[in-house]
Amino acid sequence: MSLTSRDALLTGGGAVCPAGPHMMDPDLLADPFGGYGRLREQGPAVRGRFVDGTPVWFVTRYDDVRATLRDPRFVNTPSNVPGEGGADPREGMMELLKVPEHLRVYLLGSILDSDPPDHTRLRRLVTRAFAARRILDLRPDIERIADRLLVELPHRAEDGAVDLLEHFAYPLSITVICELVGIPAADLDRWREWGGDLVSMRPERLQHSFPVMIDYCHELIEQRRTALRGDLLSELIRAQDDDGGRLSDIEMVTMVLTLVLAGHETSAHLIGNSTAALLTHPDQLALLRNDPALLPRAVHELMRWCGSVHVARLRYATEDLELAGKPIARGDAVQLVLVSANFDPRHYTDPDRLDITRQQDGQAENHVGFGHGIHYCLGATLARQEGEVALAQLLKRYPDLALAEGDPELDRARLPGSWRLNSLRLRLRP
């Protein structure tokens, strides 16, 4: 992020914000685990500032976060708050990112930001593609892609080290989700670049690539109409034709953007963060090597301990209410902090400790890394399966894998609400 754009975010685009926790505070960006953990112990709901400087309530404790995620009194779309006829508070972010006004609907109107009944309609359209049985059927394909990438890894090395994110985690996740959605393999590199532009929060990059991305999706839809296949995009087109046009082209493009960009980014960084965590916790790595059957439980624990998504989408109160003992006014924005909930000592014993045996077999998901309620992550099953395959095959093919520098202080991006590596350089030593 450029200095100018970062300063604008820190100050809300103009006047300096009042005192209080701000998502762009350097301490929170550098150490979200410690920073949001201190907020959690300060109180269950703390008044602070969102990325663009607008006021929010930070809700940080496990029980409160989980309860609010399923509370119908909170909505994701500000205009669905009764009596709210003013400007959409999310427009501030659009201004800071310099997203053209006519394209903002593609970012603000996604399934992630919708509420029932629109959310119910949109989610129903894609649920079948992400059904557990269908995702399990993809496992041989995921293993095939992972194996090919791992065979090629030594040829990607520079100075004896290879970047696992660049040459394994990202290619694996983008290939899997694009095959599922129906993106041509020849365009994978373009989607990698577009995804990087979107998460960078750099207006100078986004204002160039975002219009190109939108045009690409509209053109792909028109091409696919003439030759439908067995992919998700074709299913959406069929649903549009069968349903009298209730699914608009804008909604279809927005769905493709959401699934591809959110799907590959989060999965890639789950793989990267998990690999780094295991290599810096040799006791846990040894447990996994000795008992590969622990992988499903390990991925759950790694999602809790080092998942890349630290906050949920903003929620807005539809009425005056009480949350965690605090009076919340109608229209107030609430920022649910997943990372502090996943480290809440009220819910976990010794939460700071990475323990891949923590979740017992058959136990319900014991973290909020994938969210909860009606907005629970559509791709959770796919992400877990990619994580299991990636770790299993990586550790099997390269049993003496090690950090290139031997330094646990890894190169991380400092982005609000996110925990991701810029790179992960490893020595393979097969």
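For the structure, check the block above.
Below or above, wherever it landed, is the structure these notes cover. Being a predicted model, the structure only gives us computed values, none of them experimental.

Side note on the overall build of the chain
- Check the secondary structure of the chain and you find 18 helices and 12 strands.
- Over its C-alpha atoms the chain spans a radius of gyration of 21 Å, differing by no more than 12% from the 22 Å that the globule rule assigns to 430 residues.
- Here the C-alpha coordinates of the chain stretch approximately 60 × 55 × 45 Å along the principal axes.
- The buried share among the 430 residues of the chain stands at 56%.
- Once local pairs closer than 6 in sequence are excluded, the contacts in the chain between residues at least 24 apart make up 72%.
- When the 50 basic and 63 acidic side-chain charges of the chain are each reduced to a single mean position, those positions are 2 Å apart.

Regarding unusual backbone geometry
- With an omega dihedral of 5 degrees, the bond running from Pro 116 to Pro 117 counts as a cis peptide bond.
- Positionally, Pro 117 belongs in the loop between helix H6 (105–108) and helix H7 (118–127).
- Phi at Ala 324 takes a positive value of approximately 50 degrees, unusual for a residue other than glycine.
- Here Ala 324 is to be found in the loop between strand S6 (321–323) and strand S7 (326–328).

Comments concerning the sheet that holds strand S1 (residues 45–49)
- Taken in spatial order, the five strands of this open sheet run S1-S2-S8-S5-S3, and their pairing is mixed. For this open sheet the edge positions go to S1 and strand S3 (74–75), each flanked by a neighbour on one side alone.
- Sheet strands touched by helix H4 (residues 62–69): strand S2 (55–59), S3, strand S5 (315–317) and strand S8 (333–336). Its angle to S8, the strand with the most contacts, is close to 125 degrees.

Re the packing of aromatic side chains
- Inspection of the entire model under this criterion finds eight aromatic pairs.
- For the ring pair Trp 191 and Trp 194, a centre distance of 5.2 Å and an interplane angle of 75 degrees mean the geometry is edge-to-face. Of this pair, Trp 191 and Trp 194 both sit in helix H11 (residues 188–200), three residues apart, roughly one helical turn.
- Residue classification places Trp 194 among the buried positions, given a relative accessible area of 5%.
- Residue class for Trp 191 comes out buried when judged on its relative accessible area of 0%.

Observations concerning helix H14 (residues 249–279)
- Compared with the 45 Å implied by 1.5 Å per residue over 31 residues, the 45 Å span of H14 between its first and last C-alpha is a close match.
- Counting buried positions along H14 yields 26 of 31 residues, so the element is predominantly enclosed.

Here we look at the packing of helix H9 (residues 139–152) against helix H18 (residues 380–397)
- Direction vectors running N to C along H9 and H18 enclose 40 degrees, while the axes themselves pass 10 Å from each other. With respect to H18, the element H9 is oriented oblique. Seen from above, H9 lies across H18 with right-handed handedness. Here Arg 139, Ile 142, Glu 143, Ala 146, Asp 147, Leu 150 and Val 151 of H9 come into contact with H18, specifically with Leu 382, Gln 385, Glu 386, Glu 388, Val 389, Gln 393, Leu 394 and Arg 397.

Quick notes on the sheet that holds strand S4 (residues 162–163)
- Ordered in space as S4-S12-S9, the three strands form an open sheet in which the pairing is antiparallel. Every other strand in the sheet has two partners, leaving S4 and strand S9 (402–403) as the edge strands with one partner each.
- The pairing of S4 with strand S12 (residues 425–427) spans two bridges and is antiparallel. Looking at S12, one finds that Asp 163 is bridged to Arg 425.

Examining the pattern of salt bridges
- This structure, assessed with the given rule, holds 27 salt bridges.
- Here Arg 397 makes a salt bridge to Asp 147, at a shortest N to O gap of 2.9 Å. One end of the pair, Arg 397, is in helix H18; the other, Asp 147, is in helix H9, with 250 residues separating them in the sequence.
- Of the charged contacts, one joins Arg 353 and Asp 355 as a salt bridge, the two residues approaching to 3.5 Å between their closest N and O atoms.
- Among the residues examined, Asp 355 registers a relative accessible area of 11% and is labelled buried.
- The structure contains a network of salt bridges with shared partners spanning Arg 40, Glu 41, Asp 344 and Arg 346.

A word on the pairing of S8
- Side-chain alternation along S8 places Ala 333 and Gln 335 on one buried face and Val 334 and Leu 336 on a second face that is also buried.
- Relative to S8, S2 runs parallel, the two sharing three bridges. Looking at the pairing, Val 59 lines up with Leu 336 of S8.
- As paired strands, S5 and S8 are joined by two bridges and run antiparallel to one another. Counterpart to Arg 315 in the pairing with S8 is Val 334.

Quick notes on the nonpolar core
- Ranked by size, the top nonpolar core spans 111 residues in total, and within it Phe 168, Leu 172, Trp 191, Phe 210 and Leu 257 carry the most contacts.
- No other element matches the 14 residues that H14 contributes to this core.
- In this structure, Leu 172 is in contact with Ile 142, Ile 145, Ala 146, Leu 149, Ile 271, Glu 386 and Ala 390, ignoring residues within four places of it in sequence.
- Formed by 18 residues, the second largest nonpolar core is a distinct cluster that contains Phe 74, Ala 317, Leu 321 and Leu 336.

Focus: the pairing of S2
- When you tally the buried positions in S2, you get four out of five residues, the bulk of the element.
- The pairing of S1 with S2 spans five bridges and is classified as antiparallel. Among the inter-strand pairings, Arg 47 is bridged to a residue of S2, identified as Trp 57.
- Connecting the antiparallel pair S1 and S2 is a turn made up of five residues, with Gly 53 showing a positive phi of about 95 degrees.

Comments concerning the side chain of Ser 267
- Structurally, the position occupied by Ser 267 is in helix H14.
- Only 3.1 Å separates the side chain of Ser 267 from the backbone oxygen of Gly 263, close enough to count as a polar contact.
- The contact partners of Ser 267, leaving out residues within four places of it in the chain, are Ser 173, Ala 383 and Glu 386.

Reading the values: the criteria
Residues numbered from 1 in each chain as written. Predicted model: local features only at pLDDT ≥ 70, side-chain atom pairs only at ≥ 80, totals over all residues. Heavy atoms only, no water. Helix = DSSP H or I, 4+ residues; strand = E, 2+ residues; numbered from the N terminus. Rg over C-alpha atoms; globule rule 2.2 N^0.38 Å. Buried < 20%, exposed > 50% of the residue type's maximum accessible area, 1.4 Å probe, protein only. Contact = heavy atoms within 4.5 Å. Lys, Arg positive; Asp, Glu negative; His and termini not counted. Charge placed at Lys NZ, Arg CZ, Asp CG, Glu CD. Pairing = 2+ DSSP bridges. Axes fitted to C-alpha atoms, helices over the stretch in contact; angles between N-to-C directions. Phe/Tyr/Trp six-rings, centres within 6.5 Å; stacked < 30°, edge-to-face > 60°. Expected span 1.5 Å × (residues − 1). Parallel < 35°, antiparallel > 145°, perpendicular 65-115°, else oblique. Left-handed = near helix turned anticlockwise from the far one by under 90°. Salt bridge = Lys/Arg side-chain N within 4 Å of Asp/Glu carboxyl O. Core = buried A, V, L, I, M, F, W, Y, C linked by side-chain atoms within 4.5 Å. Polar contact = N/O pair within 3.5 Å; in protein donor to acceptor, adjacent residues only side chain to side chain.

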